[in-house]
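Structural description and commentary
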Amino acid sequence: MDFANLHPYVYHACLYPFSRGQNSLSRTCYASSLYLISEGKGIIRFRGEDHPVVPGSLVYMPPGLLHDWYADWEEPMVHYCCYFDWTFIDRREAFSTPNMICFDLSQLQPSLIGPAFPVPIPELMTVGKLRIWMDGFETFFNNNEYINERTYYRGLKIQSNFQQFMEYFLTFALKENNIPDPRMLHLLERLDQDLMTGSVKPLEVYFRELHMSRGYFLKNFIRPPAYHPRNI
């Protein structure tokens, strides 16, 4: 996905209090989702591991990632949550409400899973100044319904507030210096094409064409592989 095509769009956002010991198992969200624990304790399980969450825990779930929530018996968690895509996707024919969660993998429709962000985002973080984050979520709370004639103007305000929040979130999550040089994205596309045509050249050819030094090229190019958000 090209960064120029990113226009984050929130479908549903609310405050959700869990009951004692409540769980929400085998969830797969078609859209991306973000959760902020404001009270209590619990566990989120994803990628085969359990992760304790407490007030200040911020959880990002990429689209299509299987995960489970478990609330504590004594201090059940309360979380702020939102469901969004990095660019709007019309799924109205498939879902009656925009809160698009699948609880049965046999019923999952992979073609409706939203796009991933072009750069890996940490899935479990801890924030300071919790009240600021809570206030941010509350600016784009909305009902679990699609925009219509009656709610259009309020929807504009909600989307505006959400995009401001996402700027804040991405700055926090990525620290900006984790976003790769755009030339590296161009290089990867070029390598893909050359691999498909069987015309791969020595790496020196590529970094010279991009006017990079060998050291800068290796620093940016040799890194751990990014996860694929649809691996569940």
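This text goes with the structure placed above it.
Each value, and the rule that gives it
- All residue numbers here refer to positions counted from 1 along the written sequence of the relevant chain.
- Whole-chain, interface and lining totals are the exception, using all residues; otherwise, since this is a predicted model, local features are given only for residues with pLDDT of at least 70 and side-chain atom pairs are given and counted only at 80 or more.
- Only hydrogens and water are set aside when side-chain values are computed; all heavy atoms of the structure are taken into account.
- The rule for a disulfide is simple: a pair of cysteine sulfur atoms within 2.5 Å.
- Only protein chains enter the area calculation, which uses a 1.4 Å probe; residues under 20% of their type maximum are buried, those over 50% are exposed, and those in between are partly exposed.
- In this analysis, rings of Phe, Tyr and Trp, with Trp reduced to its six-membered ring, are considered paired at centre separations within 6.5 Å, and the interplanar angle assigns stacked below 30 degrees, edge-to-face beyond 60, and tilted for intermediate values.
- To qualify as a helix, a DSSP run of H or I must reach at least 4 residues; to qualify as a strand, a run of E must reach at least 2; elements of each kind are numbered from the N terminus.
- Any carboxyl oxygen of Asp or Glu that lies within 4 Å of a side-chain nitrogen of Lys or Arg is treated as forming a salt bridge with it.
- Multiplying 1.5 Å by the helix residue count minus one yields the expected span of that helix.
- Residues are treated as being in contact if the distance between any of their heavy atoms lies within 4.5 Å.
- Axis definition: a line fit to C-alpha positions, over the contact stretch in the case of helices; interaxial angles, taken between N-to-C directions, run 0 to 180 degrees.
- Charged residues are taken to be Asp, Glu, Lys and Arg, nonpolar residues to be Ala, Val, Leu, Ile, Met, Phe, Trp, Tyr, Cys and Pro, and polar residues to be all remaining types, Gly included.

1. Brief notes about the state of the cysteines
Inspection of the entire model under this criterion finds zero disulfides. Distance from the sulfur of Cys29, which forms no disulfide, to the nearest cysteine sulfur (Cys81) is 9.2 Å. When its relative accessible area of 3% is taken as the criterion, Cys29 is described as buried. Of the cysteine sulfurs around Cys81, a residue in no disulfide, the closest is that of Cys14, at 3.6 Å.

2. A word on the packing of aromatic side chains
For the structure shown, the criterion picks out 23 aromatic pairs. Between Trp86 and Phe117 the ring centres are 4.6 Å apart and the planes differ by 45°, which places this aromatic pair in the tilted class. You can see Trp86 sitting in the loop between strand 8 (78-85) and strand 9 (101-102) and its partner Phe117 sitting in the loop between strand 9 and strand 10 (124-126), a full 31 residues away along the chain. On the basis of relative accessibility, which here comes to 0%, the residue Trp86 falls in the buried class.

3. Digging into the pattern of salt bridges
This model, assessed by the stated rule, comprises nine salt bridges. Put simply, Lys41 and Glu75 hold a salt bridge, and the shortest N to O gap is 3.7 Å. Here Glu75 lies in the loop between strand 7 (67-71) and strand 8 and Lys41 lies in the loop between strand 3 (32-39) and strand 4 (42-46), a separation of 34 residues in the sequence. Judged by relative accessible area, Lys41 falls into the partly exposed class, the value being 33%. Residue Glu138 pairs with Arg131 through a salt bridge whose shortest N-O separation is 3.2 Å. On the basis of relative accessible area, Glu138 is assigned to the partly exposed category, the value being 35%. A single network of salt bridges, built from pairs that share partners, joins Arg131, Asp135 and Glu138.

4. Overview of helix 2 (residues 152-174)
With 23 residues, helix 2 should reach 33 Å at 1.5 Å per residue; the first-to-last C-alpha distance of 32 Å fits that figure. Along helix 2, the residues that are buried comprise Gly155, Ile158, Gln159, Asn161, Phe162, Phe165, Met166, Phe169, Leu170, Ala173 and Leu174. Next to the buried residues of helix 2 lie strand 1 (9-17), strand 3, strand 6 (57-61), strand 8, strand 10 and helix 1 (130-138). Within two residues after helix 2, Lys175 carries a phi angle of roughly 55°, on the positive side.

5. Re the packing of helix 1 against helix 2
Running from amino to carboxyl end, helix 1 crosses helix 2 at an angle of 145°, the nearest separation of the two axes being 10 Å. Across the interface between the two elements, Ile132, Trp133, Gly136 and Phe137 of helix 1 pack against Phe165, Tyr168, Phe169 and Phe172 of helix 2. Among the residues forming the contact of helix 1 with helix 2, the class breakdown is seven nonpolar, one polar and no charged.

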